[in-house]
Amino acid sequence: MKYPNRHKPNRRNSTLFVKVIKYLALTVVVVAAALLMIDRWVSYQASDQVYMSQAEVENFDVAVVLGTSKYLGKVLNEYYTQRIDAAIALYQEGKVANFLLSGDNAHRSYNEPWTMKRDLLKAGIPDDKIFLDYAGFRTLDSVVRAKEIFDTDDFLIISQKFHCERALFIANFHDINAKCIAVPGPTSHSGIKVRAREVFARAKAVLDLYITNARPKFLGPKEPIITTEPTPEQIAEEEAFNETQLTELATDAPQPAMSAATPVAD
């Protein structure tokens, strides 16, 4: 008499479980490899546009300071302080003329651009050299709005190296001329968690640019940053143009009609 094999279902389940584990492991490996390739690609394409020291920085009319929280709990955020310190030093060295402070303005008690402005004012930077972008909700918004709203297409970005590379990746995609000064990161901890999050942020940037064609949350009318004084040649050309316009207006103006009672000189 033959008895049914009661172990067959268990063997099938075991085989299925092994296949699922293999597929999951393969998926993890593929995703990890893709994330690593994207991370390295973003770093590579920006390598020639990153200044590693303030001594290397050329002169720029505009520097875009990317916002972040000033405090982490009750502790000063070193990512913030390093960016602000670099901005102040570059202005004092005469390498930056104007600042565009771009960040989140979530609510009245959290306002990244205004917080940065207060610290720059305390350092003696004039108010008319500081411009605020309250709609810099993320790096893409800050970089694209610098060109499309504030009408600057040749600017310096101030942030940490990992952030510089992603910002420049976005700028290059949008044909924006930009470079970045890589300021130091935190000294109190390694920053590994932030760098790990950056890997996923870079993947999101690729998705935004190449798949969804993401745009800034808010655009609007242009608010150009006036960065240069007119040259003597430009002033002379403007004056000559104005004189020509006045002459043409005087020539084309209708002559007053003379009445019969008006005496005519011989």
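What you see is a predicted model, and the numbers here were worked out from it, not measured in a lab. (Residues numbered from 1 in each chain as written. Predicted model: local features only at pLDDT ≥ 70, side-chain atom pairs only at ≥ 80, totals over all residues. Heavy atoms only, no water.)

**Digging into the state of the cysteines**
Basically, it comes down to this: We call a pair of cysteine sulfur atoms a disulfide whenever their separation is within 2.5 Å. Starting at the N terminus, helices and strands are each numbered in turn, a helix being any DSSP run of H or I of at least four residues and a strand any DSSP run of E of at least two. Only protein chains enter the accessibility calculation, which uses a 1.4 Å probe; a residue whose area is less than 20% of its type maximum is buried, one above 50% is exposed, and one in between is partly exposed.
Counted according to the given criterion, the structure contains one disulfide. With a sulfur-sulfur separation of 2.0 Å, Cys164 is cross-linked through a disulfide to Cys180. Given an S-S torsion of about -60 degrees, the disulfide between Cys164 and Cys180 has left-handed geometry. With Cys164 in helix H5 (residues 161-173) and Cys180 in strand E8 (residues 177-183), this residue pair connects regions lying 16 residues apart in the sequence. Cys180 shares its class with Cys164; the two are buried.

**A short note on the packing of H5 against helix H6 (residues 192-210)**
Just so we agree on the cut-off: To get an axis, fit a line to the C-alpha atoms, keeping to the stretch in contact for a helix; angles then go from 0 to 180 degrees between the N-to-C directions. An angle below 35 degrees is treated as roughly parallel, one above 145 as roughly antiparallel, one from 65 to 115 as roughly perpendicular, and anything else as oblique. A contact between two residues is defined here by any heavy atoms of the two lying within 4.5 Å. Think of it as three bins: nonpolar holds Ala, Val, Leu, Ile, Met, Phe, Trp, Tyr, Cys and Pro, charged holds Asp, Glu, Lys and Arg, and polar takes everything else, Gly as well.
As a packed pair, H5 and H6 sit with axes 10 Å apart at the nearest point and diverge in direction by 5 degrees. Between H5 and H6, the crossing angle belongs to the class labelled roughly parallel. On H6, the residues that touch Phe162, Glu165, Arg166, Phe169, Ile170 and Phe173 of H5 are Val194, Arg195, Glu198, Ala201, Arg202, Ala205, Val206, Leu209 and Tyr210. Classifying every residue of the contact of H5 with H6 by side-chain character gives 10 nonpolar, no polar and five charged.

**Focus: the packing of aromatic side chains**
For the record, the criterion: In this analysis, rings of Phe, Tyr and Trp, with Trp reduced to its six-membered ring, are considered paired at centre separations within 6.5 Å, and the interplanar angle assigns stacked below 30 degrees, edge-to-face beyond 60, and tilted for intermediate values. Charge-over-ring placement is defined geometrically: NZ (Lys) or CZ (Arg) within 6 Å of the ring centre, and within 35 degrees of the ring normal.
In the structure shown here, the tally under the stated rule is eight aromatic pairs. Centroid distance Trp41 to Phe169: 5.1 Å. Interplanar angle 80 degrees. Geometry classified as edge-to-face. Of this pair, Trp41 sits in helix H1 (residues 8-45) while Phe169 sits in helix H5, placing them 128 residues apart in sequence. The class of Trp41 is partly exposed, set by a relative accessible area of 37%. Take Phe169: its relative accessible area is 4%, and that puts it in the buried class. Centre to centre, the rings of Tyr91 and Phe99 are 6.2 Å apart; their planes meet at 45 degrees, and the pair counts as tilted. Classification of Tyr91 by relative accessible area gives partly exposed; the value is 24%. For Phe99, a relative accessible area of 0% corresponds to the buried category. Of the aromatic side chains, those joined through ring pairs into one cluster are Trp41, Phe169, Phe173 and Tyr210. Just above the ring of Phe137 sits the side chain of Lys217; from NZ or CZ to the centre is 5.2 Å.

**Structural notes on the pattern of salt bridges**
Condition: Salt bridge, as used here, is a side-chain nitrogen of Lys or Arg placed within 4 Å of a carboxyl oxygen of Asp or Glu.
In total, this model carries 16 salt bridges according to the counting rule given. A salt bridge links Asp39 to Arg202, with the nearest nitrogen and oxygen atoms 3.3 Å apart. Pair noted here: Asp39 is in helix H1 and Arg202 is in helix H6, with a separation of 163 residues, a long-range link. Residue Lys222 is joined to Asp151 by a salt bridge in which the shortest nitrogen-to-oxygen separation is 3.7 Å. In this pair, Lys222 is assigned in the loop between H6 and helix H7 (232-252) and Asp151 in the loop between helix H4 (139-148) and strand E7 (154-160), connecting sequence segments 71 residues apart. Three or more residues joined by partner-sharing salt bridges are found here, namely Asp39, Arg40, Lys161, Glu165, Arg166, Arg195, Glu198 and Arg202.

**Considering the confidence of the model for the protein**
The following threshold applies: Per-residue confidence from the prediction method is given by pLDDT, with values spanning 0 to 100.
The predicted model of the protein averages 86 in pLDDT, with 82% of residues at 70 or higher. For residues 256-266, every residue scores under 50 in pLDDT, and the model assigns this stretch zero contacts once sequence neighbours within four places are set aside.

**Structural notes on a nonpolar patch on the surface**
Applicable threshold: Exposure above 30% relative accessible area and no salt bridge define the residues that can form patches, which grow by joining like charges within 9 Å and nonpolar side chains of Val, Leu, Ile, Met, Phe, Trp and Tyr within 5 Å. In these tables, accessible area is a Shrake-Rupley quantity obtained with a 1.4 Å probe, and a residue counts as shielded only by the protein chains included in the view.
On the surface, Leu16, Phe17, Val18, Val20, Ile21 and Leu24 cluster together into a nonpolar patch covering about 560 Å² of accessible area. Positionally, Val20 belongs in helix H1.

**Some points on the sheet that holds E8**
Selection rule: For two strands to be treated as a pair, DSSP must find no fewer than two bridges joining them.
With parallel pairing, the six strands of this open sheet are ordered in space as E1-E8-E7-E2-E5-E6. With one partner strand each, in any of the chains shown, strand E1 (50-51) and strand E6 (130-133) form the two edges of the open sheet.

**As for H6**
Applied cut-off: The span you would expect from a helix comes to 1.5 Å times its residue count less one.
When the terminal C-alpha atoms of H6 are compared, their 27 Å separation across 19 residues agrees well with the 27 Å that a helix rising 1.5 Å per residue should span. Restricting attention to buried positions, one finds in H6 the residues Glu198, Arg202, Ala203, Ala205, Val206, Asp208 and Leu209.

**Looking at the nonpolar core**
Keep this limit in mind: Definition used in this section: a nonpolar core is a set of buried Ala, Val, Leu, Ile, Met, Phe, Trp, Tyr and Cys residues joined via side-chain atoms within 4.5 Å.
In terms of nonpolar packing, the biggest core is built from 32 residues, with Val64, Leu100, Val143, Phe155, Ile157 and Leu168 touching the most fellow members. Sorting the residues of this core by element identifies H1, strand E2 (60-66), H4, E7, H5, E8 and H6 as the ones contributing at least two each. Leu100 has contacts with Val62, Ala63, Val64, Val65, Phe131, Leu132, Asp133, Ala146, Phe150 and Ile225, leaving out every residue within four places of it along the chain. Grouped together as the second largest cluster of nonpolar side chains are 23 residues, Phe60, Leu90, Phe99 and Leu132 included.

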